[in-house]
Amino acid sequence: MEISNHNLRKIIHVDMDAFFASVEQRDNPDYRGKPIAVGGLGQRGVVAAASYEARKYGVYSAMSSKIARKKCPFLIFVHPRFEAYKQVSDHIRQIFLEYTDLVEPLSLDEAYLDVTSHKKGKPSATLIAKEIKDRIYQETSLTASAGISINKFLAKTASDYRKPNGIFLIKPEDAEAFVENLPIEKFYGVGKVTAKKMNQLGIFNGFDLKKFSEYDLIRHFGKTGSYYYHIARAIDNRKVEPFRAQKSVGAENTFESDLYEKEDLLFELKAIANDLIERIIKAQAFGRTLTIKVKFNDFKQITRSKTFSEEIETMEQLWDGTCEIFNSVDLKDQKVRLLGLSVSGLGSIEKVGEPLQLTFDF
Ligand code: DCP
Ligand code: CA
Ligand code: CA
């Protein structure tokens, strides 16, 4: 597929280096330059984070402390301090938000930023990423790695490419070749088990992956097959969703007196839908599943849902969907004391292949 410079986005992925371990080394001069493991305490402990010095010995996250100790006899085990990590996490998030509102944290130490349009008047996404890295270092004394590209998948892959303290840009015109040469185990979303299964199918890099049809990949890997099909072609149209952690967004109203007439109920429902669409747009929280909640005057409650083929992004879509579901609800001649509407199914990995229309110069 041809990648043109029109309809492209600018996405940055930032990920802190050896996060928990680096915070401990920062706050404890004794640990600096030494192999340390955060966590892993106790008989059956597991390493949460390993400093880069420890990694030289082959100590990694999720390794049992027993094995870690064998690999590195001088390894220093350190108790985690989650408040300290949370504080850094909040701090870097504030930095990100100075550049764009479209910040989607993936975990405490990493986030996607959509800087297609941003708040600082910078000429390039790479300069923004560099400035963010510098500011993180100046303000927290910690290093981060950043990846820049046209979508989430490529930006995430890029941030990993020059770790630690690295920055890497995958240019639009290089994206396909980059993915073709990428070893399959380096693909975000391909774990050890999947990598092994892919190897058995003769897939060792992006080039091999591209030889498989979407149909065959879905046959072998289920729904995720579609994700693999698209990322093999450097396509990932998932949006950066600031409120991704949020699973649903809703609005409801309890009436001053119970309602009975259908037209009264529809009138109230429309007001609730108006509230909801405002929240959806504000949070950029688009989902495909719409749920109506009805609480009767005896406090019994029912919910009815429907999943639509498209995400609900406009009042028209929301209202059409609401009427469709509401008309199928049997109210059994009972009085209603509360109505609610919610949208769920926000931002899923299956959306990678959906078309996206945007215009800007990279
Ligand atoms: N973490 C954890 N358990 C794991 C993996 C990670 O508790 N199995 C915690 C500790 C890490 C933090 O999450 O410091 C961030 O995880 P990353 O995967 O980003 O790894 P690091 O930041 O430690 O290292 P890297 O420099 O490779 O990003
Ligand atoms: Ca990290
Ligand atoms: Ca991380």
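Residues numbered from 1 in each chain as written. Chains lettered and ligands numbered in written order. Predicted model: local features only at pLDDT ≥ 70, side-chain atom pairs only at ≥ 80, totals over all residues. Heavy atoms only, no water.

Engineer: What am I meant to see in the site of ligand 1 here?
Structural biologist: Near ligand 1 there are 14 residues, and of these Asp15, Ala18, Phe19, Tyr52 and Arg55 occur at the shortest range. A distance of 2.7 Å separates an oxygen atom of ligand 1 from a polar atom in the backbone of Ala18. Tyr52 places a side-chain nitrogen or oxygen 2.7 Å from an oxygen atom of ligand 1. Isolated, ligand 1 exposes 550 Å² of accessible area, and the fraction of that covered by the protein chains is 66%. When its residues are assigned to classes, the shell around ligand 1 shows 8 nonpolar, 1 polar and 5 charged. (Near = heavy atom within 4 Å. Polar contact = N/O pair within 3.5 Å; in protein donor to acceptor, adjacent residues only side chain to side chain. Areas by Shrake-Rupley, 256 points an atom, 1.4 Å probe, with all protein chains shown as cover. Nonpolar A, V, L, I, M, F, W, Y, C, P; charged D, E, K, R; others polar.)

Engineer: What is the right way to look at the pattern of salt bridges in this model?
Structural biologist: Pairs can form between side chains of opposite charge once their charged atoms are near each other. The tally for this structure, following the rule as stated, stands at 22 salt bridges. Here Asp15 makes a salt bridge to Lys163, at a shortest N to O gap of 3.0 Å. Here Asp15 is found in strand E1 (residues 11-16), whereas its partner Lys163 is found in the loop between helix H6 (152-161) and strand E8 (167-169), with 148 residues between them in sequence. We classify Lys163 as partly exposed; its relative accessible area is 24%. When the shortest N-O distance is used, the salt bridge between Lys293 and Glu252 registers 2.7 Å. Remark: Glu252 occurs in strand E9 (residues 248-259) and Lys293 occurs in strand E10 (residues 287-296); sequence separation between them is 41 residues. (Salt bridge = Lys/Arg side-chain N within 4 Å of Asp/Glu carboxyl O. Helix = DSSP H or I, 4+ residues; strand = E, 2+ residues; numbered from the N terminus. Buried < 20%, exposed > 50% of the residue type's maximum accessible area, 1.4 Å probe, protein only.)

Engineer: What is the right way to read the packing of helix H4 (residues 82-99) against helix H5 (residues 125-140) from this model?
Structural biologist: Geometry of a packed helix pair, given as the angle between the helix axes and the separation of the axes. Following both chains from N to C, one finds H4 and H5 inclined at 145°, their axes separated by 10 Å at the closest point. Note on packing geometry: the crossing formed by H4 with H5 is right-handed. The segment H4 lies against H5, with His91, Ile92, Ile95, Phe96, Glu98 and Tyr99 engaging Ile128, Glu131, Ile132, Arg135, Ile136, Glu139 and Thr140. (Axes fitted to C-alpha atoms, helices over the stretch in contact; angles between N-to-C directions. Left-handed = near helix turned anticlockwise from the far one by under 90°. Contact = heavy atoms within 4.5 Å.)

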